[in-house]
Amino acid sequence: MGDTNGKLASRLYPSHIDIPANVRSQVVTLLNQSLAATADLKSQVKQAHWNVKGTDFYQLHEMFDEIAAEIEEYVDMVAERVTALAGYACGTVRMAAADSILPEYPTDILSGMEHVTALVERFAAYGKHLREAIDKTDELNDQDTNDLYVEISRTIDKRLWFLEAHIQVSEVKADGGIKQKASVN
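Computed from a prediction, not measured in an experiment: that's the story for all the values here.

**Overview of the overall build of the protein**
Then, number 1: Summing up its helical and strand segments, the protein has six helices and two strands in all.
Then, number 2: Relative to its 185 residues, the protein shows a buried fraction of 42%.
Then, number 3: In the protein, 71% of the contacts between residues at least 6 apart in sequence involve partners at least 24 apart.
Then, number 4: Accessible area of the protein: about 10100 Å², with a carbon and sulfur share of 51%.

**Some thoughts on unusual backbone geometry**
Then, number 1: Phi is positive for Ala 86, which is not a glycine, with a value near 70°.
Then, number 2: Unusually for a residue other than glycine, Asn 141 sits at a positive phi of about 60°.
Then, number 3: Tracing the chain through its elements places Asn 141 in the loop between helix H5 (112–139) and helix H6 (143–167).

**So, the packing of H5 against H6**
Then, number 1: As a packed pair, H5 and H6 sit with axes 8 Å apart at the nearest point and diverge in direction by 160°. In terms of their interaxial angle, H5 and H6 are classed as roughly antiparallel. At the point where H5 passes H6, the crossing takes the left-handed sense.
Then, number 2: Taken together, the residues that form the contact of H5 with H6 break down as 17 nonpolar, eight polar and five charged.

**Here's the deal with the pattern of salt bridges**
Then, number 1: With the rule as written, the count across this model stands at eight salt bridges.
Then, number 2: Lys 46 is the partner of Asp 65 in a salt bridge, and the nearest nitrogen-oxygen pair spans 2.6 Å. Placement of the pair is Asp 65 in helix H3 (residues 57–84) and Lys 46 in helix H2 (residues 21–51), with a sequence separation of 19 residues.
Then, number 3: In this structure, the salt-bridge partner of Asp 142 is Arg 81, at a minimum N-O distance of 3.1 Å. Here Asp 142, found in the loop between H5 and H6, pairs with Arg 81, found in helix H3; they are 61 residues apart in sequence, far enough to count as distant.

**Concerning the packing of H2 against H3**
Then, number 1: Packing of H2 against H3 brings their axes to within 8 Å, and their N-to-C directions diverge by 160°. Relative to H3, H2 is oriented roughly antiparallel. Crossing hand, H2 versus H3: left-handed.
Then, number 2: Across the contact of H2 with H3, the residue classes tally to 16 nonpolar, five polar and five charged.

**So, the nonpolar core**
Then, number 1: Of all hydrophobic cores here, the largest spans 44 residues; its most connected members are Val 45, Phe 64, Phe 123 and Leu 163.
Then, number 2: Elements represented by at least two residues in this core include exactly H2, H3, H5 and H6.
Then, number 3: Ranked by the residues each element gives to this core, the list is headed by H3, at eleven residues.

**Focus on the side chain of Thr 137**
Then, number 1: Note on placement: Thr 137 falls in helix H5.
Then, number 2: Of the polar contacts made by the side chain of Thr 137, one reaches the backbone oxygen of Ala 133; its length is 2.8 Å.
Then, number 3: Reaching out from Thr 137, the side chain makes a polar contact with the side chain of Asn 146 at a distance of 3.3 Å.
Then, number 4: Leave out the neighbours within four places in its chain, and Thr 137 touches Leu 30, Asp 142, Gln 143, Thr 145, Asn 146 and Tyr 149.

**Describing H5**
Then, number 1: Helix length check: H5 (28 residues) gives 40 Å between terminal C-alpha atoms against 40 Å at 1.5 Å per residue, within 8%.
Then, number 2: Within two residues after H5, Asn 141 carries a phi angle of roughly 60°, on the positive side.

**Remarks on a negative patch on the surface**
Then, number 1: Residues Glu 73, Asp 76, Glu 80, Asp 144, Asp 147 and Glu 151 make up a contiguous surface patch of negative charge.
Then, number 2: Mapped onto the negative patch, the elements with two or more residues apiece are H3 and H6.

What counts and what doesn't
- Residues numbered from 1 in each chain as written.
- Predicted model: local features only at pLDDT ≥ 70, side-chain atom pairs only at ≥ 80, totals over all residues.
- Heavy atoms only, no water.
- Helix = DSSP H or I, 4+ residues; strand = E, 2+ residues; numbered from the N terminus.
- Buried < 20%, exposed > 50% of the residue type's maximum accessible area, 1.4 Å probe, protein only.
- Contact = heavy atoms within 4.5 Å.
- Areas by Shrake-Rupley, 256 points an atom, 1.4 Å probe, with all protein chains shown as cover.
- Axes fitted to C-alpha atoms, helices over the stretch in contact; angles between N-to-C directions.
- Parallel < 35°, antiparallel > 145°, perpendicular 65-115°, else oblique.
- Left-handed = near helix turned anticlockwise from the far one by under 90°.
- Nonpolar A, V, L, I, M, F, W, Y, C, P; charged D, E, K, R; others polar.
- Salt bridge = Lys/Arg side-chain N within 4 Å of Asp/Glu carboxyl O.
- Core = buried A, V, L, I, M, F, W, Y, C linked by side-chain atoms within 4.5 Å.
- Polar contact = N/O pair within 3.5 Å; in protein donor to acceptor, adjacent residues only side chain to side chain.
- Expected span 1.5 Å × (residues − 1).
- Patch = residues over 30% accessible without salt bridge, like charges linked within 9 Å, V, L, I, M, F, W, Y side chains within 5 Å.
- Lys, Arg positive; Asp, Glu negative; His and termini not counted.
- Charge placed at Lys NZ, Arg CZ, Asp CG, Glu CD.

Below, the structure is given as structure tokens:
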């Protein structure tokens, strides 16, 4: 967590939950990092939704809105897990902006494929964060939070696939095989 929310991000209230406070503190801090990134990702998807232009406008506009709605559910689930562990959810827009792992969304793009590419980059970074959180919560033996991260990760990987499908180009080789060309790494 950045300096903005550092103490709040690990704050614990008294609780009868049977997870030790030192473990809860680590998990709550990690969850607050995820909360910031999840809220930021949702806002960036909405940014693409509002500003996409081009021949694929309607299809992408609708898909971006659907994705943002999915992510909104995860914002709530992550914040509620923080509070279930007797932590303090750092969920304002300003808190998310200060502590998100995601880069700022570009403001100089308009075309659908530019927005898709920008979102691919952010979904890949967010997915990596989730997999690291899966490992960390497993190490801390918090299987409930681990399960939450696994659920979110599955959806994010699926959405990354949907987004990447728009920018992947295949060519059929002379032998009938497929040669992949991708516009991103």
